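So the chains spell out like this:
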Amino acid sequence: MASPIQIVLNPENFEEAREAGGGGGRKDFFAHRDGEFGEHKAALISQIDTISAVLSAQSQGPVGYVKVSLKREAWAKSHRPIGTLFRSDRAPVVGGGDLGVMIVEGRPSTLAQVKADIEKAETQTRMRFDESKGKEVPHPSPQKSETGAIERIELYGPTDKRNFSVQDAVGWLSNPMSGSGYEVELFAHLPPRSDWDRLDAAHRRLVESFVNGFNSLACSVSVERLLHGSDKLPMLVVRLNQSNDGPVLHLTSALVKERRELAPFDPSSQRHARLLEFLDAHPLVRRIGLPGIIVHSTPTPVIPGTRPDRADLPVRDSNRTHPRLGIIDGGLSPALADWVIDRWEVLADEDMDLSHGTFIGGLAVAGAGLNNSLICPEPDGAELVDLAIFPNERKAGAFESYYSGGLTHFFDEMDAAVADARARHGVRVFNMSLNILQPAAPDRYSPHAVRLDRIAEENNAVVFISAGNIQPQDVRPEWPADTAAALSNLANARNDGLLSPAESARNVAVAALNPPGHTGCLPFAPTRFSRRGPGLRSGVKPDLAHVGGSGTRHATLGHGLFSILPNGAVIDGCGTSYAAPLVAKTAAVLDHAIEGEISRETLIGLLVHHAETPEPLRAKALGSVARHLVGFGMPLSAERILETGDHSITLVFASRIQLDQQINFKFSWPASLVGPEGKCKGRAKLTLVSTPPLDERFGSEFVRININASLQQEQKRGWKGQLDSLHLPSSRGAHAVEAELIEHDLKWSPVKIYEKVFPRGVGPSSNWRLFVEYLTRAGENMPEGGVPFTAILTISDPDGEKPVFNDMRQNLQAIGTQITDIRTAARITPRI
């Protein structure tokens, strides 16, 4: 008998005051190593003296920005040197880089105060008796603890800002699809000229020298403020032009889309060198980047010779509703007209390339009929909204004729198109099989991901993004059955990292798997062309994987994944472009099957909670690399997600965690799984998806609030968490430092999964609780409305025998927990 997913209708009943927590006392990072600490202390003082000398001499004034790199064991919030050394009233933290790297604002006078406190740090190891431990333990002063937490202090300089040459820049910017302007991030906003008098002398000199510096370049340069989805990290577009206008500066407000026609791009290497030298040297500049160029993530497919000329597409029944999906691409062909309910018409017919979008639309409408249920598990049929905003990339001048400002204008158009589809048709699931030719960096939340995430949040939508295809010259060998050979191939692979914006934190990136029934490849193994993570360090990317066709062509089956051409003929193809819509289709079916408006957290949570690691990646030796290839795995069909058997139960908690609150949901383990002496058997899996505040200024630490969930069993004294992170290494010790918690337990990740099987039973009690809590970064405040989250808990009998569903349902009703089928819960509760 099928047992539907149950949603808890009264999660607010389990809210309680947050337990006071703390990171423990001050730590002595040099305990009993007095000589080493003396050397370390002297080294830091010398580094500060060097930085102060540079700042005192620089022509832009005394204000500069300083990198403070922490020791790996000092990454935790409680160890950060911001209570005594780098206080907010002295040298405030203004951002971050890689994990454990703080960027602070400094000047010689304030750095002298930092130096004075470092000098106060005692060299000797101080001890104090700890009654709880029954022995003496190190007890350092605040100055020594914070000084010991620091690895090094250095001035933020040119090598931190730019990683390309003048020749690389001119070549890249000469492509009109780039918009031809540098993307320049600043450490601070530029105030309007009328407000400069409100700045202190040092900051006024910093701003004046930046603005006046463009005038001294003696060339035509346009500078505009760029709106990229967040106002926290100021960004400018700086473009060298062939004109006689001189500098044209729009620094304090973004221009509207309608603007003057851009002057021709200036390819002079000499003038680019002069501009970059100025930007490299100015302390206000945080980063100089080359703009992205957007491309399809799939090559044009080839028609196989053994397929029928036309597909037998299903006919839409207008008397009933269907799943809805928005396709952000170059347009859908008339062959899909019966299923296209609306179009965002911005492209002229001659500027459209219908082949890529039509293949994607064909998978959504007729994928099961053209392939099989192993490849396309959802029933055929989906109403499509055609968001045709990407001009033919093979037609010279097409992209820039619509988007003279490059990707900025492209995302403007996408923003408007998605909002329109959402407002008119309630579309919440979108497929964007487009990538930007920029690798996702582990220490940078890119402006493209920031913008895409803002679009998703504002429309309560989810965009499914392709992970990107490896360039033909870099594709990996086909995945072998031998684990050692597979690891060797990965070690030798090059240039196969994710493409932006697949590092998006609010959306879902999808990698590609091989199809079954194709003799040229191992079924459901990662394809040879699919790019891999990790993307940003705080999370799992890609999120999911699905069949994307084989990278090795078969004599008759081609790539083994079939859809249609614009003329309706059957075609085979491969690419992460074609894996993404298969996951998006499942999401659209879920959204359609559940009444009301399911939250983004629940929709994503249902997909990842019910994803499974493909069989070729289940070997223990592949555990550390599997998540970078397929994320949480391949999701089940919507039907299998929404209903399970009597031997398991899945509970959904959709709520918000508020300031100074925590969630404490107590329940009894299913009686049929409880053995003698209270030992509990079974399998448990817990998924948490949250939408915490993000701040791109802090690099790898851009997630500012960590929401954590744990499934705990009552012990003789207190409670004990009984689940392991899905990606926990078997060799880790009992006490993990912050770095290991980030890498393996996914601390700070918006998506977390924990699971464990208890074949022999565990613990002394049948009393359990689901516990949800939060932790803020240093200096971060909980948003006024709290942080939305969804926790999904499945408890099951691995043998498929015990009546777990009925046991749990009776237990929960007995303690006053209101639960109901998630598909109809909107009739009762406003949040699903």
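What comes next concerns the included structure. (Residues numbered from 1 in each chain as written. Predicted model: local features only at pLDDT ≥ 70, side-chain atom pairs only at ≥ 80, totals over all residues. Heavy atoms only, no water.)

1. With respect to the overall build of the protein
The following threshold applies: For the purposes of this entry, the term helix denotes a DSSP run of H or I that reaches at least four residues, the term strand denotes a run of E that reaches at least two, and both are numbered from the N terminus. Radius of gyration here is computed from C-alpha atoms only, and the compact-globule reference equals 2.2 Å multiplied by the residue count raised to the power 0.38. Three exposure classes are used, based on accessible area relative to the maximum for each residue type with a 1.4 Å probe and protein chains only: buried under 20%, partly exposed in between, and exposed over 50%. Residue contacts follow a heavy-atom distance rule, with two residues in contact if any of their heavy atoms lie within 4.5 Å.
Scanning the protein from N- to C-terminus turns up 18 helices and 38 strands. The C-alpha atoms of the protein give a radius of gyration of 28 Å, which matches the 28 Å a tight globule of 832 residues would have. With respect to the principal axes defined by its C-alpha atoms, the protein has extents near 75 × 75 × 50 Å. Going through the 832 residues of the protein one by one, you find that 58% of them count as buried. Intrachain contacts of the protein at a sequence separation of at least 6 include 81% that bridge at least 24 residues.

2. Digging into the pairing of strand S4 (residues 64-70)
Inclusion rule: Criterion used throughout: strands pair if DSSP finds at least two bridges between them.
Most of S4 sits out of view: seven of its seven residues are buried. By the alternation rule, side chains of S4 split into Gly64, Val66, Val68 and Leu70 and Tyr65, Lys67 and Ser69, which are all buried. As paired elements, S4 and strand S6 (residues 101-106) share six bridges and run antiparallel to each other. Paired with Ser69 across the bridge in S6 is Val101. As paired elements, S4 and strand S9 (residues 150-155) share five bridges and run antiparallel to each other. The partner of Val66 across the bridge, within S9, is Leu155.

3. Concerning the packing of aromatic side chains
Definition in use: In this scheme Phe, Tyr and Trp rings, the latter by its six-membered ring, pair at centre separations within 6.5 Å, and the angle between planes marks the pair as stacked below 30 degrees, edge-to-face above 60, and tilted otherwise. Only when the NZ atom of a Lys or the CZ atom of an Arg is both within 6 Å of the ring centre and within 35 degrees of the ring normal do we say a charge sits over the ring.
Applying the stated criterion across every chain yields a total of 22 aromatic pairs. Here the aromatic rings of Phe164 and Tyr182 are separated by 6.2 Å at their centres, their planes lie at 15 degrees, and the arrangement is stacked. With Phe164 in the loop between helix H4 (158-161) and helix H5 (166-173) and Tyr182 in strand S10 (residues 182-186), the pair connects residues that are 18 residues apart, well separated along the chain. Since its relative accessible area comes to 10%, Phe164 is described here as buried. Overall, Tyr182 belongs to the buried group, its relative accessible area being 0%. Through a chain of ring-to-ring contacts, the aromatic side chains of Phe390, Phe399, Tyr402, Tyr403, Phe410 and Phe411 assemble into a single cluster. Lying over the aromatic face of Phe164, Arg162 brings its terminal NZ or CZ to 5.6 Å of the ring centre. Note that Arg704 overlies the ring of Phe698, its terminal NZ or CZ placed 3.8 Å from the centroid.

4. Points about the sheet that holds strand S3 (residues 15-17)
Rules: Under this scheme, a helix contributes an axis fitted over its contacting stretch, all axes are lines through C-alpha atoms, and angles between N-to-C directions fall in the 0 to 180 degree range.
Read across the sheet, five strands follow the order S3-S30-S36-S32-S33 without closing on themselves; strand pairing throughout is antiparallel. The two strands at the open ends of the sheet, each matched to only one other strand, are S3 and strand S33 (719-721). Across the sheet, the axes of successive neighbouring strands diverge by a mean angle of 40 degrees, strand direction being ignored. Here S3 pairs with strand S30 (residues 661-668) via three bridges, running antiparallel. Its bridge partner lying in S30, Ala17 is registered against Gln661.

5. Points about empty space enclosed by the protein
The criterion, for reference: Put simply, the grid is 1 Å and covers the protein atoms alone, a cavity is a trapped set of points that fit a 1.4 Å probe, a pocket is an open set with protein on both sides within 12 Å along at least five of seven lines, and lining residues have an atom within 4 Å of a point. Grid points are joined across faces, edges and corners, and a volume is the space filled by probe spheres set on the points. Gly is placed with the polar residues, together with every amino acid not listed as nonpolar (Ala, Val, Leu, Ile, Met, Phe, Trp, Tyr, Cys and Pro) or charged (Asp, Glu, Lys and Arg).
With the rule as written, the count across this model stands at six cavities of 30 Å³ or more. What the largest cavity holds in volume is close to 230 Å³. Taken together, 24 residues form the lining of the largest cavity, with Ser504, Ala505, Lys541, Pro750 and Val751 sitting closest to its centre. Breaking the lining of the largest cavity down by element, the ones donating at least two residues are helix H14 (600-609) and strand S31 (680-690). Among the elements that line the lining of the largest cavity, the one with the most residues is H14, at three residues. Looking at the lining of the largest cavity, its residues break down into 11 nonpolar, seven polar and six charged.

6. Observations regarding the packing of H5 against helix H7 (residues 269-281)
Under the convention used in this document: Convention used here: angles under 35 degrees read as roughly parallel, angles over 145 as roughly antiparallel, angles from 65 to 115 as roughly perpendicular, and any remaining angle as oblique. By definition, turning the near helix anticlockwise from the far helix through less than a right angle yields a left-handed crossing, and turning it clockwise yields a right-handed one.
The interhelical angle for the contact between H5 and H7, taken along N-to-C directions, is 115 degrees, at an axis separation of 10 Å. Considering the angle they form, H5 stands roughly perpendicular to H7. Where H5 crosses over H7, the two elements pack in a sense that is right-handed. Between H5 and H7, the residues in contact are Val166, Val170 and Leu173 and Ser269, His272, Ala273 and Leu276, respectively.

7. Some points on the environment of Phe411
Tracing the chain through its elements places Phe411 in helix H10 (residues 407-425). The buried category is assigned to Phe411, whose relative accessible area is 3%. Taking the C-alpha atoms as reference, Phe411 lies 27 Å from Val608; in sequence the two are 197 residues apart. Those residues in contact with Phe411, other than ones at most four positions away along the chain, are Ile436, His448, Arg451, Leu452 and Ile455.

8. Focus on helix H8 (residues 354-370)
Formally: For a helix, the expected span equals 1.5 Å multiplied by the number of residues minus one. Take the seven residues that end at a residue and the seven that start at it, fit an axis to each, and the angle between those axes is the bend at that residue.
For H8, which comprises 17 residues, the first-to-last C-alpha distance of 19 Å sits more than 12% below the rise-based estimate of 24 Å (1.5 Å per residue). Helix geometry: H8 is bent most strongly at Ala364, by close to 65 degrees.

9. Some words on the state of the cysteines
The condition is simple: Any two cysteine sulfur atoms within 2.5 Å of one another count as a disulfide.
Per the stated rule, a full pass over the model turns up zero disulfides. Summary of cysteine pairing: Cys376 is not part of a disulfide, and the nearest cysteine sulfur, belonging to Cys574, is at 15 Å.

10. Re the nonpolar core
Threshold: Nonpolar cores are built from buried Ala, Val, Leu, Ile, Met, Phe, Trp, Tyr and Cys residues. Side-chain atoms within 4.5 Å join them into one set.
Counting 90 residues, the largest nonpolar core has Leu384, Phe464, Leu606, Phe632 and Ile822 as the members making the most contacts within it. In terms of nonpolar packing, the next biggest core, distinct from the first, is built from 39 residues, Val63, Trp196, Val223 and Ile288 among them.

11. Observations regarding the environment of Ile293
Considering the arrangement of structural elements, one finds Ile293 in the loop between strand S14 (285-289) and strand S15 (294-296). Ile293 sits in the buried class, given a relative accessible area of 6%. Considered as a pair, Ile293 and Trp172 are 121 residues apart in the sequence and their alpha carbons are 9.3 Å apart.

12. Brief notes about the sheet that holds S9
As summarised here, the arrangement of the four strands in space is S5-S6-S4-S9, forming an open sheet in which the pairing is antiparallel. Since the sheet does not close on itself, it has two edges, and those belong to strand S5 (93-96) and S9, each with one partner. Between one strand axis and the next, the sheet turns through 25 degrees on average, direction left out of account.

13. Overview of the side chain of Ser749
Mapped onto the elements, Ser749 comes out in the loop between helix H17 (738-743) and strand S35 (751-762). Contact partners of Ser749, with chain neighbours within four places excluded, come to Ser538, Gly539, Val540 and Asn706.

14. Things to note about unusual backbone geometry
In this model, Ser500 is joined to Pro501 through a cis peptide bond whose omega is 5 degrees. Structurally, Pro501 can be placed in the loop between helix H12 (483-492) and strand S22 (508-513). That bond from Lys541 to Pro542 is cis: its omega, -5 degrees, falls within 30 degrees of zero. With a phi angle near 65 degrees, Phe524 is a residue other than glycine that sits in the positive phi range.

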